[in-house]
Amino acid sequence: MGRKGVGKLAPFGICEKVEVWTAGGESIKGDDGKEYYQVSNFIMDINNIMSPTDAPYYPDLGKEDGTLAEHTGTRITLADFARRQVPEIKSMQRQLAQRFGITSPNWRLELYDNAAGDTTAHEVGKFAVKTMKHTKIRFEAPTGTASAEEGKLALRYALDPDGEENQGIEAGFTYGGRVYPIAGWMAYSDQSYRDDLMAGVRIYCRGKIAAQTNLFNKKSGFTGEFQVRSYLVGYLEADWLDEEEDLIQTDRKDILWSEELGQQFEKWGQRVVSSIGSLSLEPMREKMLMVFNDTSDVNNQIQHAYPGPEQGQIRQQARELATMFAQRMREDEVRNPISIQATINTVIMLAPHITLDDQLRKAAAAVDTQFSMVSGILQIAQIAELSSFGSIASKRIDIIDKLHNLKDDHTVDEDQLQALLEEAPWLVDPQWAPVTSNKSLATVRKRFEEFYFHKTGEEISLSRLDNDGRKRKRPDFVLLEEERSIQLVEIKKPGHEFDNTDMARLVNYFEYMDEFMNDPGNQSFLRGYGNSYQITLVCDGTKLTSVSKRAYEELVTNGRLIQHNWSAFLTRTQRVHRDFIEEAQRQKLFVSQRIHPEVPMLDIAQVTAALMPRPQTDESAPNVITDEPIA
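## Digging into unusual backbone geometry
Within the chain, Asn217 stands out as a residue other than glycine whose phi angle is a positive 60°. Its place among the elements puts Asn217 in the loop between β15 (208–213) and α3 (225–231). We note that Ser546 has phi near 50°; this positive angle belongs to a residue other than glycine. Along the chain, Ser546 falls in helix α15 (residues 546–557). Using a relative accessible area of 48% as the deciding quantity, one classes Ser546 as partly exposed.

Here it is as structure tokens:
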């Protein structure tokens with residue numbers, strides 16, 4: 001097959017004995033007048049070959065050595081195999097097909113599944129890779145080589161998927177006055193790589209694999225790079241790789257690209273990779289959109305979110321957004337239900353905002369804006385606002401649900417709860433919002449920590465993160481701001497009862513906070529807070545006695561201390577946000593009812609569920625993006 005064969009001793013890598021039976025040479029006429037061929041039959045044993053002796057090794061003769069055969073031919077039998085995992089017959093077929101990659105009228109490979117008792121011959125054919133439509137570039141090259149100046153073997157241009165010549169790529173290259181033709185094809189596979197066998201471009205020399213390369217060592221930063229790295233496949237024949245100088249590495253896994261001829265081959269391959277990266281953008285987008293439509297119920301969810309007849313523009317905008325996002329997703333994303341649902345949620349949230357922007361632009365450009373257009377804009381604006389806030393509330397409910405599970409875990413650290421509260425203060429009060437970028441509040445935090453240390457000699461932490469973002473010690477409590485009033489929140493682990501020791505420390509906080517707030521030297525950065533603050537305590541009950549109990553009750557009576565147990569404050573926050581979603585949807589439907597009273601009011605529970613993240617629906621549901629109403 002070529003200059004680099006399998007290797008005469010290579011079979012000993014998997015077995016101990018190799019028997020060779022071969023018949024050929026000049027024919028011999030037998031006593032019956034027929035033509036026969038002499039047989040040579042010998043057996044090689046690796047144990048005898050490797051024996052510690054200086055004597056020459058001679059194979060054992062087989063029982064048919066010296067006999068006559070009617071036909072020429074050779075049979076090699078391997079025996080006494082080393083114990084190892086043998087792949088299934090289908091896998092082995094693919095491995096051998098990838099290794100040789102050719103079918104020939106002169107020889108064939110057949111596999112028999114002995115373990116399964118299968119006597120059927122499984123012939124090894126070409127290594128098949130299903131390619132994506134409209135992405136294949138073909139190379140048709142003449143055989144042999146010749147001087148470029150002689151005008152012989154003129155290289156042809158590569159053929160694009162439509163059959164037209166690609167004027168920028170030839171089926172080979174010219175170097176040093178010689179033509180080096182290349183035949184075969186390169187394309188995108190129909191699906192991303194499933195194993196190493198199908199990854200990249202397979203390069204063959206005289207029918208045997210010489211290398212397998214993904215990008216011809218092309219550096220990153222080119223058009224379609226991600227898809228090329230996951231989808232590029234090909235089959236190339238370059239029989240000149242081992243003619244003048246052998247460019248094939250011994251293990252047949254790569255080519256010596258550092259050689260001058262190898263560098264020219266590399267540059268040619270990189271030009272083809274760039275061309276396919278640009279050529280395949282549109283087919284890849286079409287494929288991703290097709291997969292997205294097949295695996296999602298986007299049309300159903302858009303229809304549920306915006307059911308009114310006058311909301312057709314929003315539905316259309318949502319479908320266009322879904323198409324744009326789907327075309328730019330990776331295959332693993334469009335097959336992932338979580339990624340799909342996140343995309344649909346984003347589309348539903350953004351659609352009314354983009355529609356509103358388009359309508360405002362049209363109204364601004366119009367010479368005489370009609371009142372009906374203004375009325376429509378106001379309706380879309382209301383829907384956009386309600387949709388945005390409804391989405392925020394829906395995400396908050398997800399966080400609350402997770403926190404419900406977290407509070408039942410008695411191994412949870414208070415540090416985790418404090419950090420979560422600092423990021424989501426609305427867990428304590430739905431009206432609170434994070435103000436991490438408030439510089440004046442950061443100053444209050446820092447100055448009170450310094451004040452407390454000066455007074456007590458003890459460090460106190462009011463924030464999980466330092467100003468430079470570095471993690472510090474576990475916070476004693478979290479300092480927040482609400483309507484220019486300072487809020488301090490202390491969280492105890494679920495199941496913890498607030499006791500006398502806890503109360504003594506809390507009283508200290510109150511005393512030093514009072515002194516800090518009333519210090520004239522601090523008024524410059526406390527201006528605007530009104531010298532007011534409040535402490536919120538989250539714990540599962542109290543276990544106080546005597547003086548501690550009376551002090552606790554006095555603080556609660558005066559409104560300076562508010563206590564929540566875990567279940568109560570989570571349930572209240574969750575209920576408020578669910579009520580918000582239902583009211584937002586009711587308002588959105590009311591907008592539709594004012595102009596189209598014939599449209600039936602949908603059940604609020606169903607509409608709320610439509611706004612919430614939902615699992616994949618029945619596969620039989622319509623999934624083609626269309627404006628047809630859903631029954």
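On we go.
## With respect to the nonpolar core
Counting residues in hydrophobic clusters, the biggest one holds 56 residues, and the most contacted among them are Phe139, Met186, Phe216, Trp240, Leu241, Phe265 and Trp268. Those residues in contact with Trp240 that lie beyond four places of it in its chain are Phe173, Tyr180, Pro181, Ile182, Leu261 and Phe265. If you look at the next biggest cluster of nonpolar residues, it comprises 27 residues, including Val444, Phe451, Tyr452 and Tyr533.

## A look at helix α7 (residues 312–327)
Compared with an ideal rise of 1.5 Å per residue, which puts 16 residues at 22 Å, α7 spans 23 Å between its outermost C-alpha atoms and is within 8% of the ideal. Of all the residues in α7, the buried ones are Gly312, Ile314, Arg315, Gln317, Ala318, Arg319, Leu321, Ala322 and Ala326.

## Description of the side chain of Lys218
Checked against the element boundaries, Lys218 lands in the loop between β15 and α3. For Lys218, the contacting residues outside a window of four places in its chain are Arg229, Gln270, Val273 and Ser274.

## A look at the packing of aromatic side chains
A full pass over the atoms with the stated rule returns 19 aromatic pairs. Measuring from centroid to centroid gives 5.6 Å for Phe173 and Trp240, while their planes differ by 90°, and the two rings are edge-to-face. One end of the pair, Phe173, is in strand β11 (residues 172–175); the other, Trp240, is in the loop between β16 (232–237) and α4 (260–279), and 67 residues separate them in sequence. Residue Phe173 is classed as buried on the basis of its relative accessible area of 5%. A ring pair is formed by Phe216 and Trp268, whose centres lie 6.5 Å apart and whose planes are at 80°; its orientation type is edge-to-face. Here the residue Phe216 occupies a position in the loop between β15 and α3, and Trp268 occupies one in helix α4, the gap between them amounting to 52 residues. A connected cluster of aromatic rings, assembled from ring pairs, spans Phe139, Phe173, Tyr180, Phe216, Trp240, Trp257, Phe265 and Trp268. Across the ring face of Trp185, the terminal group of Lys136 is positioned such that the distance to the ring centre comes to 4.6 Å.

## Brief notes about the environment of Lys63
Relative to the elements of secondary structure, Lys63 occurs in the loop between β3 (60–61) and β4 (68–69). As for Lys63 and Ser40, which are separated by 23 residues in sequence, their C-alpha atoms are 9.8 Å apart.

## Considerations on the confidence of the model for the protein
Predicted confidence across the protein gives a mean pLDDT of 75, with 69% of residues reaching 70 or more. Taken together, the stretch residues 593–631 has pLDDT below 50 and engages in 62 contacts with residues farther than four places along the chain or on a different chain.

## Considering the packing of α4 against helix α5 (residues 281–295)
When two helices pack together, their arrangement is given by the angle between their axes and by how far apart the axes lie. Between α4 and α5, whose axes approach to 5 Å, the crossing angle comes to 45°. Considering the angle they form, α4 stands oblique to α5. Contacts from Gly277, Ser278 and Leu279 in α4 reach Leu281, Glu282 and Pro283 in α5. Taken together, the residues that form the contact of α4 with α5 break down as 3 nonpolar, 2 polar and 1 charged.

## What about the pattern of salt bridges?
Side chains that differ in sign of charge can pair as their charged atoms come close. Using the criterion set out here, one finds 11 salt bridges in the structure. Residue Arg206 pairs with Glu243 through a salt bridge whose shortest N-O separation is 3.8 Å. Note that Arg206 is positioned in the loop between β14 (200–205) and β15 and Glu243 in the loop between β16 and α4, a separation of 37 residues in sequence. The exposure class of Arg206 is partly exposed, given its relative accessible area of 29%. Taken together, the shared-partner salt bridges in this structure form one network comprising Arg178, Arg206, Asp242 and Glu243.

## Quick look at the side chain of Gln317
Position of Gln317 relative to the elements: it lies in helix α7. Accessibility expressed as a relative area gives 12% for Gln317, which makes it buried. Beyond its immediate chain neighbours, meaning those up to four positions away, Gln317 contacts Ala351, Ile354, Thr355 and Asp358.

## Focus on the packing of helix α6 (residues 298–305) against α7
Between α6 and α7, whose axes approach to 10 Å, the crossing angle comes to 150°. The orientation of α6 with respect to α7, classified from their angle, is roughly antiparallel. The element α6 and its partner α7 pack so that their crossing is right-handed. Only Arg315, Ala318, Arg319 and Ala322 of α7 make contact with α6, whose side of the interface consists of Val298, Asn299, Ile302 and Gln303. Per-class residue counts for the contact of α6 with α7 are 4 nonpolar, 2 polar and 2 charged.

Calculation criteria
- Residues numbered from 1 in each chain as written.
- Predicted model: local features only at pLDDT ≥ 70, side-chain atom pairs only at ≥ 80, totals over all residues.
- Heavy atoms only, no water.
- Helix = DSSP H or I, 4+ residues; strand = E, 2+ residues; numbered from the N terminus.
- Buried < 20%, exposed > 50% of the residue type's maximum accessible area, 1.4 Å probe, protein only.
- Core = buried A, V, L, I, M, F, W, Y, C linked by side-chain atoms within 4.5 Å.
- Contact = heavy atoms within 4.5 Å.
- Expected span 1.5 Å × (residues − 1).
- Phe/Tyr/Trp six-rings, centres within 6.5 Å; stacked < 30°, edge-to-face > 60°.
- Lys NZ or Arg CZ within 6 Å of the ring centre and 35° of its normal.
- pLDDT = per-residue confidence, 0-100.
- Axes fitted to C-alpha atoms, helices over the stretch in contact; angles between N-to-C directions.
- Parallel < 35°, antiparallel > 145°, perpendicular 65-115°, else oblique.
- Nonpolar A, V, L, I, M, F, W, Y, C, P; charged D, E, K, R; others polar.
- Salt bridge = Lys/Arg side-chain N within 4 Å of Asp/Glu carboxyl O.
- Left-handed = near helix turned anticlockwise from the far one by under 90°.

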